[in-house]
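# Chains, contacts and geometry: an overview
This is what each chain is made of:
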Protein chains: 2
Amino acid sequence: MNKIYKITMLSVLLASCGLRKQNTMVIQEQGSFAIGGTKIFEPGNFDLNNALKPQGQTFHGDHAYAFYQIPVKARKYPLVFLHGAGQSKKTWETTPDGREGFQNIFLRRSFGVYLLDQPRRGEAGKSTVAATITPNPDEQFWFTQFRIGNYPDYFPNVQFPKDSPALEQFFRQMTPNTGGFDGNMVSDAVAQLFDKIGEGILITHSQGGGPGWFTAIKNDKVKAIVAYEPYSGFLFPKDELPQPIKSTGLFGELKGQEIPLSDFNKLTKIPIAIYYGDNIAKEPTKVWNKDHWRSGLEMAKIWAATINKHGGDARVVHLPEIGINGNTHFPFSDLNNVVIADLMSKWLQEKGLDK
Amino acid sequence: MNKIYKITMLSVLLASCGLRKQNTMVIQEQGSFAIGGTKIFEPGNFDLNNALKPQGQTFHGDHAYAFYQIPVKARKYPLVFLHGAGQSKKTWETTPDGREGFQNIFLRRSFGVYLLDQPRRGEAGKSTVAATITPNPDEQFWFTQFRIGNYPDYFPNVQFPKDSPALEQFFRQMTPNTGGFDGNMVSDAVAQLFDKIGEGILITHSQGGGPGWFTAIKNDKVKAIVAYEPYSGFLFPKDELPQPIKSTGLFGELKGQEIPLSDFNKLTKIPIAIYYGDNIAKEPTKVWNKDHWRSGLEMAKIWAATINKHGGDARVVHLPEIGINGNTHFPFSDLNNVVIADLMSKWLQEKGLDK
C-alpha cells in the first residue's frame, strides 16, 4: 500500500497548510526540451549579405519534443507517454469532455510524467523531409475506426461522451504529420530520452506500440511497458513469425515483424501489460472496425504467448473479459478512465514498479 | 508589495508542511483544449462501407491549442501567451539552456498561465488549407535575424548562452506552419479564448503582436497587453497612417496598417507595454538585422505616441535605455529573463493588474 500511503501523507501535508486535498498538484520541477533528431548541412559558406541563401546553413529536425512534470516526493520511475497515429501529447491531457487525463491522474499519484510529441508531429514539427498536408474530410472514418461507434451511431455502451462539443474537441486533438512517419526514428528519439532521464516506464498508444517495443530493445532503462491497443509492429524471433491474420479492417491483413532472437529476448526481461477496449469482434466479421481490432487483439495474444514462452512476462487484458465495458480505442480518456488508471496502478504495484 | 506578500505567505505555507520553498509550483488546475477554428463539410452522405471516401465527412481545423495552469491562490488576471513566427508555446517554456521560462516564472508569482499554439502550428496543426513543408537550411539566418549576433559571431554583450547544445535546442524549438499564416484567424481564436476564460492579460511575441492588437479590439476582456518586440501589424486610425519606414532589413520597408478610428480607440482603453532588446541600430545602417529592428522600434514609438495622443496608455521600453543590455529578440528566455520578468511584474503592479 506504498502508493496509498504516499497519497495519504501528501494529502495530510497539504491539508495541514490549507491547500485543498485532491485538488492540487505540487510540482517540484517542470519543463520541456527537444530530444534526438538529426541535422542537414547545406555545403558552402554562409554569406551574411545573402542570408536567405541556404549555402553554409543548417536545418535541425526529426527530434521529439517532451514536456515533463515531476511532483514532490515523486516515485522512483517516471512514466513516459508516447501517443498514436494522428495524435500528439494532447492524447494524455484533458479529455474531450474536459475531465483529467492520465497526465494529471498519475501526477496526483506521485509519478513524474513525460509527454512526448514524436518526431514530425506537434511541437516537434521540423522534418528533414518535405511533406504536403491536405485537409481531407475523414473524421467520420476516425469516429468509426476508433470504435466510438459505427458512424453516426454510438455503440450503446460506449464510454465516450455523446455531446457534440466533446466530439468536436476529439476531432480537433488530431494533428498532422509534418513529414513521413518513421518508427525507427521515433524509437531512436525515445531511447535517447531514457538516456537523458534514466530508468522509467513507457506507456504507448496504438501506433506508438511498435516504436515502444523497439525503444525497450534499444535501451534497457525502459523498466516496463504498458501498451494501449497496439495494432501493428508486433515483433517475433526469426522462425517464429505467425501467419498473417486476415481482416475486413481497412488496413487489410495484419502481419508480425521478424527480428533477431537476441533483440526479441530483451523484451522478455521487462514486465509488459497490453490493454484493449470493447466492441472488438470475437470472430471474423464484415463490420470492419470491429474486425480490424479483432486482428490486433489476436496478434497481441499470440505475441504475449511467444514472449512468455521465452521466459518473459507479458499480459494481454481484454477489458470486457474483466467486466469493464464500452471502452473505445482511447481507454485512458474514456468516461471510465479513472478505472483504467486504477488497473494500471494496480499492475505497477504488483510488479513493484511504483516504489 | 501585494505580490511579495503573496509569495511570502505561500512560501511560509509550503515551508510549514515541508515542501521546498521556491522549488515547488502548487497547481490548482491544469489542462488543455482547442479553441476557435472552423469546419469543412464534404457534401454527400457518409457511407460506412466506403469510409475513406470524403462524401458526408467533416474536417475540423484552424483552431488554436491552449495548455493552461492555474496555481493555488491565483491572482485575478491570468496571463495568456501568444508566440511569434516559426515558434510555438515552447517559446515560454524551458529556455534553450535549460532555465525556467515565463511559464514557470509567472506561475511561481501566482499568475494563471495559458500557453497558446496559434492555428496551423504545433498541437493545433489541422489546417483547412493545404500546405507543403520543406526543410530549408536557414538557421544561420534566424541566428542573425533574432539578434543573437551576426553569424557566426555572437554579439559581445549578448544575453544568449554561447554553448552549442543551447543553440541546438533554440533551433529545434522552431516548428513550421501547417497552413498559411492568417492573423485574423489567430486573433479570432485568441478572442474566443478570452470569452472562455474571462478577463486576462495578453502577452505577445514578435509576429504575435499584430493579432494581439486585434484580439483586444475584438474582445474587451483583454485588460492589458505586453508585447515583446512586435514588428509588423501596428494599427493606425484613418488619416493618421505614418510614412513607411525604409530599412535595409530583409523584410524591406515597414508600413503601418489603417483601421477605423472606432477600433483604434479600443486600444486606448487598456494599458500597453512594449519591450525591445539590444543591438538595434539608432540610425539607418547596412547591418540588416540591426536595421530591421530599428524600423520596428521606430514604428512602435510612433504608434505609442499616437495611442497616447488619443488618450491611451502605451509605453515603449528600449531595454538598453534603462541599462539592460544584450537582449536578443527573445528577452523572456535570455540569460537575464528574470530581470525581464521583474520589469513586467513591476509594470503590472503599477497598473493594478496583479491583484
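Residues numbered from 1 in each chain as written. Chains lettered and ligands numbered in written order. Predicted model: local features only at pLDDT ≥ 70, side-chain atom pairs only at ≥ 80, totals over all residues. Heavy atoms only, no water.

### Thoughts on the overall build of chain A
Rule in force here: Only runs of H or I of at least four residues qualify as helices and only runs of E of at least two qualify as strands under DSSP, and these elements are numbered from the N terminus. Computation of the radius of gyration draws on C-alpha atoms alone. For the globule rule, the value is 2.2 Å times the number of residues to the power 0.38. Only protein chains enter the accessibility calculation, which uses a 1.4 Å probe; a residue is then buried when its area is under 20% of its type maximum, exposed when over 50%, and partly exposed in between. Using a 1.4 Å probe, accessible areas were evaluated by the Shrake-Rupley method; residue-level cover was limited to the displayed protein chains. This count recognises Lys and Arg as positive and Asp and Glu as negative, with His and chain-terminal groups excluded. To locate a charge, take NZ of a lysine, CZ of an arginine, CG of an aspartate or CD of a glutamate.
From N to C terminus, chain A includes 9 helices and 15 strands. The globule rule puts the C-alpha radius of gyration for 355 residues at 20 Å, and the 21 Å found for chain A is close to it. For chain A, the spread of C-alpha atoms along the three principal axes comes to 70 × 60 × 50 Å. In chain A, which comprises 355 residues, the proportion classed as buried is 62%. Only carbon and sulfur atoms are counted for the fraction: they give 53% of the accessible area of chain A, which is about 12700 Å². Between the centroid of the 39 positive side chains of chain A and the centroid of its 35 negative side chains there is a distance of 5 Å.

### What to know about the nonpolar core
Here is the rule: Nine residue types can take part in a nonpolar core, namely buried Ala, Val, Leu, Ile, Met, Phe, Trp, Tyr and Cys, and a core is a set of them joined through side-chain atoms within 4.5 Å. The contact definition used throughout considers only heavy atoms, calling two residues in contact when any of these lie within 4.5 Å.
Among the nonpolar cores identified, the biggest contains 92 residues, and Phe 102 of chain A together with Phe 102 of chain B are the most heavily contacted of them. Ignoring any residue separated from it by four or fewer positions in sequence, one finds Phe 102 of chain A in contact with Phe 81, Trp 92, Leu 107, Tyr 228, Phe 332, Asn 337, Ile 340, Ala 341 and Met 344 of chain A.

### Quick word on the relation of the copies chain A and chain B
One copy of the chain maps onto the second through a rotation about an axis and a displacement along it. Just so we agree on the cut-off: Superposition of the copies used a least-squares fit over C-alpha atoms from residues whose pLDDT is at least 70 in both.
Once chain A is rotated about the relating axis by 180° and shifted along it by 0.0 Å, it coincides with chain B to within an RMSD of 0.0 Å. What the rotation and shift describe, once combined, is the action of a two-fold rotation axis. Looking at chain A, 99% of its interface residues are interface residues in chain B too, so the copies touch through the same face.

### Side note on the pairing of strand β1 (residues 25-35) of chain A
We apply this condition: Only strands that DSSP links by at least two bridges are regarded as paired with each other.
Of all the 11 residues making up β1 of chain A, 9 are buried; the element is thus mostly covered by neighbouring parts of the structure. Across 3 bridges, the pairing between β1 of chain A and strand β1 (residues 25-35) of chain B is antiparallel. Its bridge partner being in β1 of chain B, Val 26 of chain A is matched across the sheet by Val 26 of chain B. Bridge count between β1 of chain A and strand β4 (residues 64-71) of chain A: 8 bridges; the pairing is antiparallel. What sits directly across from Ala 34 of chain A, in β4 of chain A, is Tyr 65 of chain A.

### A look at helix α8 (residues 288-309) of chain A
The following threshold applies: What a helix is expected to span follows from its residue count: subtract one and scale by 1.5 Å.
With 22 residues, α8 of chain A ought to run about 32 Å at 1.5 Å a step, and its terminal C-alpha atoms sit 31 Å apart, in line with that. Of the residues flanking the end of α8 of chain A, it is Gly 311 of chain A, one or two places downstream, whose phi is positive at about 90°.

### Points about the interface of chain A and chain B
Note the threshold: For any pair of parts, buried area is found by adding up, for both, the accessible area (1.4 Å probe) each one loses once the two are put together. Put simply, a salt bridge is a Lys or Arg side-chain nitrogen that is within 4 Å of an Asp or Glu carboxyl oxygen. Here a polar contact is recorded for every N or O atom pair within 3.5 Å, except that within protein the pair must consist of a potential hydrogen donor and a potential acceptor, and residues adjacent in sequence are included only if both atoms are side-chain atoms. Residues are grouped as follows: Ala, Val, Leu, Ile, Met, Phe, Trp, Tyr, Cys and Pro are nonpolar; Asp, Glu, Lys and Arg are charged; every other residue, Gly included, is polar.
Listed as interface residues are 82 residues of chain A and, on the opposing side, 81 residues of chain B. Across the chain A/chain B interface, buried area totals approximately 6600 Å², and carbon plus sulfur atoms make up 53% of it. Among the residues of chain A in contact with chain B, Glu 123, Pro 137 and Arg 172 of chain A are the three that bury the most area, contributing 12% of the side total. Inspection of the region where chain A meets chain B yields 4 salt bridges. A salt bridge links Glu 123 of chain A to Lys 89 of chain B; the shortest N-O distance between them is 3.9 Å. At the junction of chain A with chain B, the criterion picks out 57 residue pairs in polar contact (both at pLDDT 80 or more). Looking at which element gives the most residues to the side of chain A that touches chain B, the answer is β1 of chain A, with 10 residues. Considered class by class, the residues forming the side of chain A that touches chain B number 34 nonpolar, 34 polar and 14 charged. Relative to strand β7 (residues 131-133) of chain B, strand β7 (residues 131-133) of chain A runs antiparallel, the two being bridged by 3 bridges. Across the sheet, residue Ile 133 of chain A finds its bridge partner in β7 of chain B, namely Ala 131 of chain B.

### Let's talk about the packing of aromatic side chains
Any aromatic ring pair is given by two values, namely how distant the centres are and how the planes are angled relative to each other. The criterion, for reference: The aromatic pairing rule takes the rings of Phe, Tyr and Trp, using the six-membered ring of Trp, and pairs them if the centres are within 6.5 Å, calling planes under 30 degrees apart stacked, those over 60 edge-to-face and the rest tilted. Note on criteria: charge over ring means Lys NZ or Arg CZ within 6 Å of the ring centre, with the direction from the centre no more than 35 degrees off the ring normal.
On inspection of all chains with the given rule, the structure shows 55 aromatic pairs over all chains. Where Phe 143 of chain A meets Tyr 151 of chain A, the ring centres are 5.1 Å apart and the plane angle is 90°; that geometry is what we call edge-to-face. On the accessibility criterion, Phe 143 of chain A (0% relative accessible area) is buried. Here Tyr 151 of chain A falls in the partly exposed class, since its relative accessible area comes to 26%. Each ring, one from Phe 234 of chain B and one from Trp 303 of chain B, has its centre 5.7 Å from the other, and the planes form 50°; the classification is tilted. Residue Phe 234 of chain B is located in the loop between β11 (222-228) and β12 (235-237), and its partner Trp 303 of chain B is located in helix α8 (residues 288-309); the two are separated by 69 residues in the primary sequence. If you follow Lys 89 of chain B out to its NZ or CZ, it ends over the ring of Phe 67 of chain A, 5.6 Å from the centre.

### Structural notes on the pattern of salt bridges
Applying the stated criterion across every chain yields a total of 44 salt bridges over all chains. Salt-bridge contacts for Lys 266 of chain A lead to Asp 263 of chain A; the nearest nitrogen and oxygen are separated by 3.9 Å. Of this pair, Lys 266 of chain A and Asp 263 of chain A both sit in helix α7 (residues 261-266), separated by 3 residues, roughly a single helical turn. A residue is classified by how much of its surface remains accessible, and Asp 263 of chain A, at 22% relative accessible area, is partly exposed. Arg 294 of chain A is the salt-bridge partner of Asp 291 of chain A, the closest N and O atoms lying 2.6 Å from each other. Separated by 3 residues within a single helix, Asp 291 of chain A and Arg 294 of chain A lie in helix α8, roughly one turn from each other. Note on Arg 294 of chain A: relative accessible area 4%, which makes it buried. Connected through shared salt-bridge partners, Lys 89 and Glu 93 of chain A together with Glu 123 of chain B make up one network.

### Notes on the confidence of the model for chain A
All names here are of chain A. Our working definition: A score from 0 to 100, pLDDT tells how confident the predictor is in each residue.
Mean pLDDT over chain A works out to 94, with 94% of the residues at or above the 70 mark. Of the regions scoring below 50 in pLDDT, residues 1-21 engages in 31 contacts with residues more than four places distant in sequence or in other chains. Both scores are available for the predicted complex, with the pTM at 0.94 and the ipTM at 0.93.

### Remarks on the packing of helix α5 (residues 183-197) of chain A against helix α6 (residues 209-218) of chain A
Residues and elements named next belong to chain A. Threshold: Axis geometry follows a simple rule: fit a line to the C-alpha atoms, using only the stretch in contact for helices, then measure angles between N-to-C directions, giving values from 0 to 180 degrees. Geometric relationships in this document are graded by angle, where less than 35 degrees denotes roughly parallel, more than 145 denotes roughly antiparallel, 65 to 115 denotes roughly perpendicular, and other angles denote oblique. The hand of a helix crossing depends on one turn: near helix anticlockwise from the far one by less than a right angle means left-handed, and clockwise means right-handed.
At a minimum axis distance of 8 Å, the contact between α5 and α6 shows a crossing angle of 50°. As judged from the angle between their axes, α5 and α6 are oblique. In this structure, α5 crosses over α6, and the sense of that crossing is right-handed. Residue-level inspection shows Gly 183, Asn 184, Val 186, Ser 187, Asp 188, Val 190, Ala 191 and Phe 194 of α5 in contact with α6, the latter providing Pro 211, Phe 214, Thr 215 and Lys 218.

### A word on unusual backbone geometry
Both trends apply: most residues other than glycine have a negative phi, and most peptide bonds are in trans. The omega torsion of the bond from Tyr 151 of chain A to Pro 152 of chain A falls at 5°, within 30 degrees of zero and hence cis. Positionally, Pro 152 of chain A belongs in the loop between β8 (149-150) and β9 (153-154). Phi angles above zero are rare outside glycine, and Asn 279 of chain B is one such case at about 60°. Mapped onto the secondary structure, Asn 279 of chain B falls in the loop between β14 (271-276) and α8.

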